[in-house]
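Coordinate inspection notes
Residue-level listing of the chains:
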Amino acid sequence: MILKFRMLSDENDNFVRDFELDPMMKLSEFHDFILRSIGYDDCMASFFTADEEWQRCREFTLMDMGDTGYEGEDAPMPMSQVTLAEVIVAGYSRLIYLFDIFAERAFYIELVNSSEPNPDFEYPRVAFENAPVPDQYDPDAVDSNSGSIFDEMMGDFGDFDGDSDADDEW
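Residues numbered from 1 in each chain as written. Predicted model: local features only at pLDDT ≥ 70, side-chain atom pairs only at ≥ 80, totals over all residues. Heavy atoms only, no water.

1. So, unusual backbone geometry
Following Tyr123, the chain continues to Pro124 via a peptide bond in cis, the omega torsion being 0°. In this structure, Pro124 sits in the loop between strand S7 (105-115) and strand S8 (125-130). One non-glycine residue with positive phi stands out, namely Glu104, at about 60°. Relative to the assigned elements, Glu104 resides in the loop between strand S6 (94-100) and S7. The phi angle at Ala131 is positive, at roughly 75°, despite the residue not being glycine. Mapped onto the elements of the fold, Ala131 is located in the loop between S8 and helix H3 (149-154). (Helix = DSSP H or I, 4+ residues; strand = E, 2+ residues; numbered from the N terminus.)

Okay, structure coming up:
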């Protein structure tokens, strides 16, 4: 089985990346893959599971934080000890990838599909990408392609005036 995740940014409505991943991939491997695929430098980061309102739940850290004083399900866990499958089985289909801990900048990742692997592809892979990635170090850097992907896709329909002779009743 292959899991398809969509990654979005709240800094650029046009930014989208779809990733197809092996469910046995560790979160630390996913972190490395994200950095490589978007061209970011190595950084301290955390994954959080998220609920339906995108509220942070459990944290998964890049480094083992040792004894944090938290116990049980509230305790941060190292990314290297958790697979994507374990996150999904625990009931979470959303992740927050916090890549800038000090400025609280993050990507929002959601499971959108699962399917059989395609023998013609190597995994992990970027299945779809739209718009440049937000600048890793400057959250105020605005790209000229920062419009909404919805507006861009629907732009082709802007010239459609409809048929004024059409009757709305059947």
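After presenting the structure, the write-up continues.
2. Brief notes about the sheet that holds S6
Strand order in the open sheet formed by eight strands is S5-S4-S3-S6-S7-S1-S2-S8, with mixed pairing between adjacent strands. Edge positions in the sheet fall to strand S5 (77-78) and S8, since each of these pairs with one other strand and no more. Of the pairings in the sheet, the one linking strand S4 (residues 56-61) to S5 comprises two bridges and is parallel in character. What sits directly across from Thr61, in S5, is Pro78. The strands touched by helix H1 (residues 27-38) are strand S1 (2-9), strand S2 (16-21), strand S3 (46-50), S4, S6, S7 and S8; relative to S2, the strand with the most contacts, the crossing angle is about 135°. (Pairing = 2+ DSSP bridges. Contact = heavy atoms within 4.5 Å. Axes fitted to C-alpha atoms, helices over the stretch in contact; angles between N-to-C directions.)

3. Some thoughts on a nonpolar patch on the surface
On the surface, Met44, Met63, Ile101 and Phe102 cluster together into a nonpolar patch covering about 460 Å² of accessible area. With respect to the secondary-structure elements, Met44 resides in the loop between H1 and S3. Take Met44: its relative accessible area is 41%, and that puts it in the partly exposed class. (Patch = residues over 30% accessible without salt bridge, like charges linked within 9 Å, V, L, I, M, F, W, Y side chains within 5 Å. Areas by Shrake-Rupley, 256 points an atom, 1.4 Å probe, with all protein chains shown as cover. Salt bridge = Lys/Arg side-chain N within 4 Å of Asp/Glu carboxyl O. Buried < 20%, exposed > 50% of the residue type's maximum accessible area, 1.4 Å probe, protein only.)

4. As for the nonpolar core
Grouped burial of nonpolar side chains is what soluble globular proteins tend to show. Ranked by size, the top nonpolar core spans 27 residues in total, and within it Leu27, Phe30, Ile34, Phe47, Leu84, Tyr97 and Ile109 carry the most contacts. Where this core is concerned, the elements lending two or more residues are S1, S2, H1, helix H2 (84-89), S6 and S7. The biggest single contributor to this core is H1, with six residues. In this structure, Tyr97 is in contact with His31, Ile34, Leu35, Ala45, Ser46, Phe47, Arg105, Ala106, Phe107 and Ile109, ignoring residues within four places of it in sequence. (Core = buried A, V, L, I, M, F, W, Y, C linked by side-chain atoms within 4.5 Å.)

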